[in-house]
Amino acid sequence: MIKKFPISIRQLADQRAFTLIELLVAFSVFVVLALFTTQSFFSILQGRSKTEVSRIVRQEADYVVSVMERNLRAALAITSCSSTNISYMDFDGNSAAFSCQNVGGSDSYMASGSARLTTSSVAITSCSFNCSPPTNPSQVTLSFTVKQSQPAAGPRETAEISVSSQVQLRNQ
């Protein structure tokens with residue numbers, strides 16, 4: 001007994017297959033969509049990396065400013081002030097200082113006494129302290145720039161933040 005197929009040989013011969021041009025067009029569309037998707041994916045990853053680097057640098061700068069503002073605001077007096085060093089008498093009457101170390105160098109940082117205020121993941125590229133009036137100052141202006149110190153994966157993934165703050169001493 002011979003089984004009959006639902007499609008006859010004649011019907012198969014009448015059906016048309018895809019031409020080479022149609023296959024090339026479909027493949028080209030697929031390649032363009034794949035390239036677009038890949039480019040979008042890498043762009044998202046790069047944006048995420050840039051955001052992470054900026055967050056770390058901003059966090060370091062905010063920490064330094066908050067420590068310096070809190071301590072200087074509560075200081076009894078500023079004992080000496082230069083462009084990169086501030087010495088003061090803290091609330092308990094102890095001598096303390098803030099300074100910029102190796103500014104512009106590969107291992108530049110902000111210090112409180114002998115302790116680092118910034119981690120090695122950032123560097124201080126510029127630093128300036130200004131006390132006014134120069135004798136018995138009641139106001140201190142802090143200005144510095146923090147940047148990522150470790151090399152980034154690309155130039156778009158670097159971050160640099162400039163910070164400026166004025167601190168009024170309470171105990172003056």
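Anyway, here's the lowdown on the structure attached to this text. (Residues numbered from 1 in each chain as written. Predicted model: local features only at pLDDT ≥ 70, side-chain atom pairs only at ≥ 80, totals over all residues. Heavy atoms only, no water.)

### What about the nonpolar core?
1) Next: Ranked by size, the top nonpolar core spans 30 residues in total, and within it L72, M110 and F144 carry the most contacts.
2) Next: Taken together, the elements giving at least two residues each to this core come down to α2 (20-73), β2 (85-89), β3 (95-101), β6 (122-132), β7 (139-148) and β8 (160-168).
3) Next: If one sorts the elements of this core by residue count, α2 sits on top with 8 residues.
4) Next: Excluding its chain neighbours within four sequence positions, the residues that come into contact with L72 are I78, I86, Y88, F98, V140, L142, V167 and L169. (Core = buried A, V, L, I, M, F, W, Y, C linked by side-chain atoms within 4.5 Å. Buried < 20%, exposed > 50% of the residue type's maximum accessible area, 1.4 Å probe, protein only. Helix = DSSP H or I, 4+ residues; strand = E, 2+ residues; numbered from the N terminus. Contact = heavy atoms within 4.5 Å.)

### Digging into the state of the cysteines
1) Next: Under the counting rule described, the total for this entry stands at 2 disulfides.
2) Next: Across the disulfide from C81 sits C131; the S-S distance is 2.1 Å. When the S-S torsion is 85°, as for the bridge of C81 with C131, the disulfide is right-handed. Here C81 is found in strand β1 (residues 77-81), whereas its partner C131 is found in strand β6, with 50 residues between them in sequence.
3) Next: Two residues, C100 and C127, share a disulfide whose sulfurs are 1.6 Å apart. Here C100 is found in strand β3, whereas its partner C127 is found in strand β6, with 27 residues between them in sequence.
4) Next: Exposure remark for C100: the relative accessible area of 9% places this residue in the buried category.
5) Next: The buried category is assigned to C127, whose relative accessible area is 14%. (Disulfide = S-S within 2.5 Å.)

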